[in-house]
Each structure stands twice: as structure tokens, then as C-alpha cells.
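Chain by chain, the residues run as shown.
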Amino acid sequence: MSDTPSHTYDRSSTALASDESASSDALVIDGEVIAGRLWLGSSMYRSPDCMLQALDAGQPGFVTASARRQTARQITDNGYWGCLEQWLGQSQQQGKARILPNTAGCNSASEAVLLANMTRELFETDWIKLEVIGDDYTLQPDPFELLEAARELNRQGFKVLPYCTEDLVLCQKLLDVGCPAVMPWGAPIGTGRGLQNIAGLMTLRERLQDAVIVIDAGLGKPSQAAQALELGFDAVLLNTAVAHSPDPVAMAKAFAGAVEAGRTAHIAGLMAERDSAQASTPVLDMPFWHQK
Amino acid sequence: MATMHIAIAGGGLMGSLIAWQLARSGKRVTVLEKCDQHSPAAAGYTAAAMVAPYSERPISDNDVFRLGQRSLALWPQLIADLNQDSGERHRFHQNGSLLVAHPADRAEMEDLERHLTRHGLEGDSAIERLGRQRIGELEPELKNRFDQGLWMSTEGHLDNRPLLQMLHRTIVSLGGEVCYGQMVDTDDRVWKANGQRINADFYLDTRGVGAQPDMPQLRGVRGEVLWIQTSEVRISRPVRLLHPRYRLYLVPKGESRYILGATELESDDRSPVTVRSALELLSALYTLSPRFSEASILEMSSNLRPALPHHRPEIVVDGNVVSVNGLFRHGYLLAPALLERLAAQVEWFDISAQGNRSA
């Protein structure tokens, strides 16, 4: 595989999409159409049934799955993935959700590369959400190990979607080693704080105009997901906000609606913020010099 | 008329309770248990045996919550009956459970409140909100360690290991049989134990994860617990520590012993407790009170909880075979109420005729 980014998503085409129907606004990563801009995790649900109902309601483009057990023993299924695989099987037939295995729980490049290879066999997919944690308390990614793992996995033909920080240089280098997208965090995993460094994320968006950028982690509210899409990010990935809601099914639906609203708003074009108020209805009979 | 004979596969909590109830109503029961008498492996043996419908509300289905509330009401009488039948003394401890979160994790407390409100429990008299002082009054060991907590005042717990042994003894004293080392095979509706055909009028399958060959939907969910002992620290009721990553509890088990649990891993791996899990559990213990650091670790064990995809228990009647399974992490929470449900759903499951005891 070459060292140049192989992503094919062209942002200029979406800028022209204003007159077209929403269905032409496909998210394409590495030449493949991803069926949705909301991506969901598959852990922490009350039960597998509850998870599948939430996935039905959220219609995610990707469903992430952690292959690593905390037992770190071997990858065997106790029936949990069976449920998910069955759902995905039905879902994929309709061209919908795909599975995105992740390397959660890895702290080094070598661990992540090994686990990625195991998941490729288990889930029969080249897609991998690359996660290499550098700090166990904040679950902040380790940018150095991440880049090393990304380089190696791209070399091995994986489609690597790296979970990273919003550091511009890191994201650029991840794209340079062949990642078809980057996935900066909005906030630390599970915090639900939304986009904490909007200026930094916007720098990414503006400087990496052709790249697919997915906001991964830290989203707690549908409005935060809508904001990410409004600002031009291509998709969002979240888990806790849905799985921990008292009603995960309704919350998945809410996120799906928010993602759609945010994306549509981005395509429509947001107005610029202004310092002074501007009435939407001109009031001709009340000249300004009559105002107190 | 010949006495009705019922074979029960699985001598864990559900099977033992059923067998005892049938035996005391005059039925002939045979419990077929896979394990050796001295090395039990039922999930109910490893469990912390809490009856905590309120604490478990956020992760419980409505049916599980209702059954749990019912069990809470049923356990005292069941234990009284068991004490009467056995001539022994067992206790249902019912002094509530205490839920606390460290200041950094107070969002977990807010989340729990949101769940309780959602289920209409915000004003329930069984739930008391506690401040720093009240926590110290209930559990002096935790004084000044937590700013806020919840006391689920009606919740209880059992000394499950003695209870399971007591149930087995009582079944035998009432004329029933408990056979150990029996691998039950239910192929083609013919029950065999260690290859020998079992002839009974009715069959009850309470094998938990052991029933997997007949229930493809059933999966084992790994749980790990630690037993510790210390005379330096005294905790008088189950304490749950709310944490964003782990669900942790400490339950007093008498004689200065405590059970610390439990991990919940989507894996049917039965191998011993991992270093990582032990570190997590023990770190949580240390944050409850550093004085636990001198406690002895008596045991680390792992087991599998039998779970169905909806995480509700299921009673399935198929001719003269009844299966009860899917109690998941809620065996002691569900079992008494499931006895009632069995009696209501299964015609021959009659546990009311207490005067007909043949023993």
C-alpha cells in the first residue's frame, strides 16, 4: 500500500449538493459507502436485546465492537457477538451497518497490531478502529504508539480508523501513513462533555479539508452531535450516551435525528454570527432615530 | 396413588429451592447435580447473594424489578420455613444496602437518580438520600469518606454457601435424594444421568449455563469475586461503590469475612481470576477504606452467570419437562418469586399441600 492517503471522500462534492436530494450525500471512506453518519458502540447496554433495539433505532453506519476481553485470554464468543453478528448480517443485506472492531484496552503499538490481526480473522473485516491508550485515567490516546501501529496496519492492508487527539500534526501524519480517516476525540471517553476544544477541531477541519474526520468519544447529548455535524465533521461515534440512557432506544433515535439535522444544516450553510441584532422584518414605519 | 416423582437437573439455588419446596409438599424428588458435593460450582455458590431490586433497577427489566420486590417480601417466610424443616438457624439479613460514590464520580449518583425517577421511584419510602453525617452513622467505617449516598433500606442478602448446603440437607431429611457427580443429558426428551436413564413423572431443568446444549440462546457471562477477611474494619451491610467503569460491591458474610465483587465480562471463560480484575476489585476496596489494606485475601473465584438475550428469567413448559433459566446476575433476587410463578403456570407444580408430607 502506498504512503499516500487513499480516502476518496471529496468535500467539494458535498458543497455542491445543496440542490440535490439528501440521498446523494453519501459518506464514502476508502472507496466504500458508509450507510450512516451516526456510529454506535456495542457495550454497556442493559442486555443484548436492548442493544439491538437501540441499533435498530439509531441506524448506525458502523457498530464498534471490542474484541479484547478483560481476561485477555483468547477471542471466543460466549454468544454475545452471535447476537450482534446476526443483527449485522440482516443489516448488511440491506446495505446498512457494518462492524468496526476496535483495539480497546491496548497500550502499545505491538499489542494493537496483534489484536487487529486477531479481529480481522474473527470479524472477517479489514476495518479497524485503532485505539492505543496512553493514560488509563483519561483514556487519552498515545499519539506515538498510535502512529506506529497505524503505519504497520496500513502496510498490512487494514482500513485503519485511528482514535486520536485533535492535534493537527498527528492527524496529518496519520493520513500520511494511509489512514482513510481520522477520529479525534470531542472529550475524554464517557465524559459526555461534547466538543471541548472547538477552536482546535476547527483548525483540523479547515486545514484537512479533504480528509474524513469523525468525532469519536465524549459526546453526551444529541445537540453536541448535531453541533459536530454542523461544523462540517463527517460522522460521530458514541456509546455511553445511548447505552447509559434510561431509555437507550429513544436516545439512539434522538441521536440519529440530531446527526441528520446537523448534516443537513452543514450542507444548507450556516449563517455567520453577528455582533448586532438584525430584525428579520424591516420596520419601515419606525425609523431608527425614533428609538430610545 | 403412587407419590409423584420429580427429577431436577441442577442443584444450584433454583433447583435446590424447587426440590425443597416439592419435598416439603410430599413429592418425591431427585436432584441431579453435576458437581462433587465438596466442590460446588453453581453460580449461586459464587454469588454475593444480594436481594437488591432498587440498587439493580438501572440495569433491570421491569419484570426483573417486580419479581425482585416480590422476592424481598418472600425470603423471610422461606427462611423461617427452612429453619423449621431443618431445625437449623439461618438468617435473611435485611438492613438495606448503601450506595456511595466518590466526589469525582458524582455523575454516577446523578445517573442513578435519573434512572430511579424514570421508573417512578424518586419518592419511594425504601430509598433514603444520605449526607456525609448519616453515612457515618450507618457505617462508621465510611465516616467522612463520602459526601452523598443512597440507602436502599429494605434490601437484603443471604449467606448463600451455608444456605445451599442447608437446602441439600433438608431435601434429604424430607425424604428426597441429592445425587452428586451426575451429568444430565436431555437428548430426545429422554433424561439420562451419567448415561443411565432417569424415570420420573416430571422433569425440571435448572442447570443454568449447563443447559446450553439445549438452549442455544443462553450465554455465560463471566463474573469474578474475591473473599477477604479483616477484623480491623467493620461494615454491617452491603456497600456498593458507583463508578463509571466498574460495578463494585462489598457484602459482609459473617466472621469478619466479606465478598468483593464483581466483574461482568462477555466471556464464557471459566479460568481463574485475572490480575487485572483483582487489581480493579482491590483498588475499589482500598478507596472504600484504606484500612482494608491489611485484610487477608481468602479466595478468588470466577463463575458464569446464565443469561438470555433479554436478561429476563424464563420458564419454559414442554410436556412434562419444565425449564427455568436465565436468572443472570439475579439468582437470589428472582428465585422465590419464580417459585410462585412456577406454581401459577405449571399445573403439577403444587407446593401448597404441606400437610401431605410422607417423611
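Residue indices follow the written sequence of each chain, beginning from 1 at its first position. Chain letters and ligand numbers both follow the written order, the letters beginning at A and the numbers at 1. Since the coordinates come from a predicted model, pLDDT governs what is reported: local features require at least 70, and pairs of side-chain atoms require 80 or more to be given and counted, while whole-chain, interface and lining totals use all residues. Water and hydrogen atoms play no part in the side-chain values, which are based on all heavy atoms of the structure.

Draft legend 1. Main features of the overall build of chain A. Secondary structure assignment for chain A yields 10 helices and 12 strands. Only protein chains enter the area calculation, which uses a 1.4 Å probe; residues under 20% of their type maximum are buried, those over 50% are exposed, and those in between are partly exposed. Counting all 292 residues of chain A, 50% fall into the buried class. Partitioning the intrachain contacts of chain A with sequence separation of at least 6 by distance along the chain shows that 66% fall at a separation of at least 24. Starting at the N terminus, helices and strands are each numbered in turn, a helix being any DSSP run of H or I of at least four residues and a strand any DSSP run of E of at least two. In what follows, a contact means two residues having at least one pair of non-hydrogen atoms within 4.5 Å.

Draft legend 2. A look at the interface of chain B and chain A. The interface of chain B with chain A comprises 25 residues on the first partner and 20 residues on the second. Accessible area that two parts lose when put together, evaluated with a 1.4 Å probe and summed over both, is termed the buried area. Buried area between chain B and chain A, both sides added, is near 2,100 Å², and the carbon and sulfur share of it is 50%. Considering only the surface of chain B that becomes buried against chain A, Arg245, Glu266 and Pro309 of chain B emerge as the three largest contributors, covering 23% of it. Within this document, salt bridges are pairs made up of a side-chain nitrogen of Lys or Arg and a carboxyl oxygen of Asp or Glu, the two lying within 4 Å of each other. Close ionic contact of aspartate 247 of chain A with arginine 118 of chain B constitutes a salt bridge, the shortest N to O distance being 3.2 Å. Whenever a nitrogen or oxygen atom comes within 3.5 Å of another N or O atom, the pair is scored as a polar contact, on the condition that within protein one atom can donate a hydrogen and the other can accept it, and that pairs from neighbouring residues in sequence are kept only if both atoms are in side chains. Across the chain B-chain A interface, the total number found is 5 residue pairs in polar contact (both at pLDDT 80 or more). For the side of chain B that touches chain A, the secondary-structure elements that each account for two or more residues are α4 (106-118), β14 (219-229) and α7 (275-288) of chain B. The residue inventory of the side of chain B that touches chain A, partitioned by class, reads 6 nonpolar, 8 polar and 11 charged. Amino acid classes used here: Ala, Val, Leu, Ile, Met, Phe, Trp, Tyr, Cys and Pro are nonpolar; Asp, Glu, Lys and Arg are charged; the rest, including Gly, are polar.

Draft legend 3. Fine view of the packing of aromatic side chains. Residue and element names in this part refer to chain B. We call Phe, Tyr and Trp rings a pair once their centres come within 6.5 Å, taking the six-membered ring for Trp, and we label the pair stacked below 30 degrees between planes, edge-to-face above 60, and tilted otherwise. Evaluation of the coordinates by the stated rule reveals 9 aromatic pairs over all chains. Ring geometry for phenylalanine 202 versus tryptophan 348: centroids 4.3 Å apart, planes at 15°, classification stacked. Taken together, the positions of phenylalanine 202 in strand β13 (residues 202-205) and tryptophan 348 in the segment after α8 (331-345) put the pair 146 residues apart, joining distant regions of the chain. With a relative accessible area of 11%, tryptophan 348 lands in the buried category.

Draft legend 4. Expanded view of the side chain of arginine 57 of chain B. All names here are of chain B. Relative to the helices and strands, arginine 57 resides in the loop between β3 (50-51) and α3 (62-86). Residues counted as positive are Lys and Arg, residues counted as negative are Asp and Glu, and His and the chain ends are not counted. Although arginine 57 lies buried, it forms no salt bridge, and the closest oppositely charged side chain, aspartate 61, sits 7.2 Å away as judged by the N-O distance. With sequence-adjacent residues up to four places away left out, arginine 57 is seen in contact with Asn62, Phe65, Leu116, His119 and Leu121.

Draft legend 5. Up close: the domain arrangement of chain B. Residues and elements named next belong to chain B. Here chain B is described as being made up of domain 1 (5-90 + 158-213 + 309-345) and domain 2 (97-153 + 219-304). Between the C-alpha centres of domain 1 and domain 2 there is a distance of 27 Å. Facing 28 residues of domain 1, the contacting portion of domain 2 comprises 30 residues. Counting every contact that joins domain 1 to domain 2 gives 3 salt bridges. The residue arginine 329 makes a salt bridge to glutamate 264 at a minimum N-O spacing of 2.6 Å. Linking domain 1 with domain 2 are 11 residue pairs in polar contact (both at pLDDT 80 or more), by the criterion used here. By convention here, the domain bounds are inherited from an automatic or database domain assignment.

Draft legend 6. Structural context of the sheet that holds strand β10 (residues 184-185) of chain B. Criterion used throughout: strands pair if DSSP finds at least two bridges between them. Ordered in space as β10-β11-β12 (chain B), the 3 strands form an open sheet in which the pairing is antiparallel. For this open sheet the edge positions go to β10 and β12 (196-197) of chain B, each flanked by a neighbour on one side alone.

Draft legend 7. Structural view of the confidence of the model for chain A. Per-residue confidence from the predictor is given as pLDDT, running between 0 and 100. Confidence along chain A averages 84 in pLDDT terms, with 82% of residues attaining 70 or more. Under a pLDDT of 50 for its full length, residues 1-22 of chain A has, in the predicted model, 40 contacts with residues more than four places off or in other chains.

Draft legend 8. Structural context of the side chain of asparagine 102 of chain A. Residues and elements named next belong to chain A. Secondary-structure assignment places asparagine 102 in strand β5 (residues 98-102). The exposure class assigned to asparagine 102 is buried, which follows from its relative accessible area of 7%. A polar atom in the side chain of asparagine 102 sits 3.0 Å from the backbone nitrogen of alanine 104. Sequence-distant contacts of asparagine 102, that is, excluding residues within four places in its chain, are made with Thr64, Ala65, Ser66, Ala67, Leu115, Thr119, Ile128, Lys129 and Glu131.

Draft legend 9. Molecular detail of α8 of chain B. Residues and elements named next belong to chain B. Given the number of residues in a helix, its expected span is that number minus one, multiplied by 1.5 Å. Over its 15 residues, α8 runs 19 Å from end to end, which matches the ideal 21 Å to within 8%, given 1.5 Å per residue. Of all the bends found along α8, the most pronounced is centred on alanine 337 and spans about 30°. Listed as buried for α8 are Gly331, Tyr332, Leu333, Leu334, Ala335, Pro336, Ala337, Leu338, Leu339 and Leu342. Note that the bend at a residue is defined as the angle between axes fitted to the seven residues ending at it and the seven residues starting at it.

Draft legend 10. Just the nonpolar core, in detail. In this description, a nonpolar core means a group of buried Ala, Val, Leu, Ile, Met, Phe, Trp, Tyr and Cys residues linked to one another through side-chain atoms lying within 4.5 Å. Within the largest apolar cluster, 65 residues are counted, with the highest numbers of intra-cluster contacts made by Leu84, Leu130, Leu174, Val236 and Leu238 of chain A. Leave out the neighbours within four places in its chain, and leucine 84 of chain A touches Ser42, Met51, Leu52, Leu55, Val63, Ala65 and Ile99 of chain A. Within the second largest apolar cluster, 49 residues are counted, among which are Leu17, Ile79, Ile171 and Leu334 of chain B.

Draft legend 11. View of the packing of helix α8 (residues 222-230) of chain A against helix α10 (residues 248-268) of chain A. Residue and element names in this part refer to chain A. As a packed pair, α8 and α10 sit with axes 7 Å apart at the nearest point and diverge in direction by 25°. Comparing their axes, α10 and α8 come out roughly parallel. Along this stretch, α8 crosses α10, giving a crossing that reads as right-handed. The residues of α10 that touch α8, namely those facing Pro222, Ala225, Ala226, Leu229 and Glu230, are Met251, Ala254, Phe255, Ala258, Val259, Gly262, Arg263, Ala265 and His266. In terms of residue class, the contact of α8 with α10 is made up of 10 nonpolar, 2 polar and 2 charged. Here an axis means a line fitted to C-alpha atoms, over the contact stretch when the element is a helix, while the angle between two N-to-C directions is reported on a 0 to 180 degree scale. Roughly parallel refers to an angle under 35 degrees, roughly antiparallel to one over 145, roughly perpendicular to one between 65 and 115, and oblique to any angle outside these ranges. Take the far helix as your reference; a near helix turned counterclockwise from it by less than a right angle gives a left-handed crossing, and one turned clockwise gives a right-handed crossing.

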